[in-house]
Amino acid sequence: QLQLVESGGGLVQPGGSLRLSCAASGSTLDYYTIGWFRQVPGKEREGVSCISKSGGTNYADSVKGRFTISRDNAKNMVFLHMNSLQPEDTAVYSCAAAAGGVCFDFRRYTYWGQGTQVTVSS
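Just so we're clear, the structure is a prediction, and the values are computed from it rather than from any experiment. (Residues numbered from 1 in each chain as written. Predicted model: local features only at pLDDT ≥ 70, side-chain atom pairs only at ≥ 80, totals over all residues. Heavy atoms only, no water.)

Enquirer: Give a description of the overall build of the protein chain that names residues and reports values.
Expert: Within the protein chain, the secondary structure is distributed over zero helices and 11 strands. Walking the protein chain from its N terminus toward its C terminus, one meets helices and strands in the order β-β-β-β-β-β-β-β-β-β-β. The C-alpha extent of the protein chain, read off along each of the three principal axes, is 40 × 25 × 25 Å. Among the 122 residues that make up the protein chain, the fraction classed as buried is 43%. Of the roughly 6300 Å² that the protein chain leaves accessible, carbon and sulfur atoms contribute 46%. Averaging the coordinates of the 11 positive side-chain charges in the protein chain and doing the same for the 9 negative ones gives two points 3 Å apart. (Helix = DSSP H or I, 4+ residues; strand = E, 2+ residues; numbered from the N terminus. Buried < 20%, exposed > 50% of the residue type's maximum accessible area, 1.4 Å probe, protein only. Areas by Shrake-Rupley, 256 points an atom, 1.4 Å probe, with all protein chains shown as cover. Lys, Arg positive; Asp, Glu negative; His and termini not counted. Charge placed at Lys NZ, Arg CZ, Asp CG, Glu CD.)

Have a look at this one:
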């Protein structure tokens, strides 16, 4: 069974950068679309970015030009590079794996990591 573990979150100042990592075990990420989602307490889950099995990427309008998703299948990892972070980016970020489906349709994602906190504050 596929297991996902996120890391790389933390406290950064506005304008700063972070790289989130999603490490997989139990199976290969080659077979999955990988998405990054974020959630603030009391708010609905928001799709941030996804990368398909073939390497195609999608981004939420709110992060286009600032975030970059990538995958390293040899290392069985997916990354989210976040630049120009703003307070509204503060959330728990989770990675998830889906066999297929629309990028931000969270119902299609079968496996989820536990999340990593990103806090953007001066």
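Enquirer: Pulling in residues and values, what's your account of the sheet that holds strand 1 (residues 3–7)?
Expert: Strand order in the open sheet formed by four strands is 1-3-8-7, and the pairing between neighbours is antiparallel. The open sheet has two free edges, formed respectively by strand 1 and strand 7 (67–72), since each of these has just one partner strand. Taking each pair of neighbouring strands and ignoring which way they run, the sheet shows an average axis angle of 15 degrees. The sheet contact formed by strand 3 (residues 18–25) and strand 8 (residues 77–82) spans six bridges and is antiparallel. (Pairing = 2+ DSSP bridges. Axes fitted to C-alpha atoms, helices over the stretch in contact; angles between N-to-C directions.)

Enquirer: How would you sum up unusual backbone geometry? Please name residues and give values.
Expert: Of note in the backbone geometry, N76 takes a positive phi value of approximately 60 degrees without being a glycine. Its location among the elements puts N76 in the loop between strand 7 and strand 8. Since its relative accessible area comes to 14%, N76 is described here as buried. Despite not being glycine, S84 shows a phi value in the positive range, around 50 degrees.

Enquirer: Could you give an account of the nonpolar core, naming the residues involved and the relevant values?
Expert: L4, W36, F67, V78, L80, M82 and Y93 are the most contacted members of the largest nonpolar core, which totals 28 residues. Residue contacts for F67: discarding those within four places in its chain leaves R38, V48, Y59, L80, H81, M82, N83, L85, D89 and Y93. Membership of the second largest hydrophobic core comes to six residues, among which are C50, A98, C103 and Y109. (Core = buried A, V, L, I, M, F, W, Y, C linked by side-chain atoms within 4.5 Å. Contact = heavy atoms within 4.5 Å.)

Enquirer: A description of the pattern of salt bridges should follow, citing residues and the corresponding values.
Expert: Under the counting rule described, the total for this entry stands at six salt bridges. Close ionic contact of D105 with R108 constitutes a salt bridge, the shortest N to O distance being 3.5 Å. If you follow the salt bridges from partner to partner, you end up with R38, E46, R66 and D89 in one network. (Salt bridge = Lys/Arg side-chain N within 4 Å of Asp/Glu carboxyl O.)

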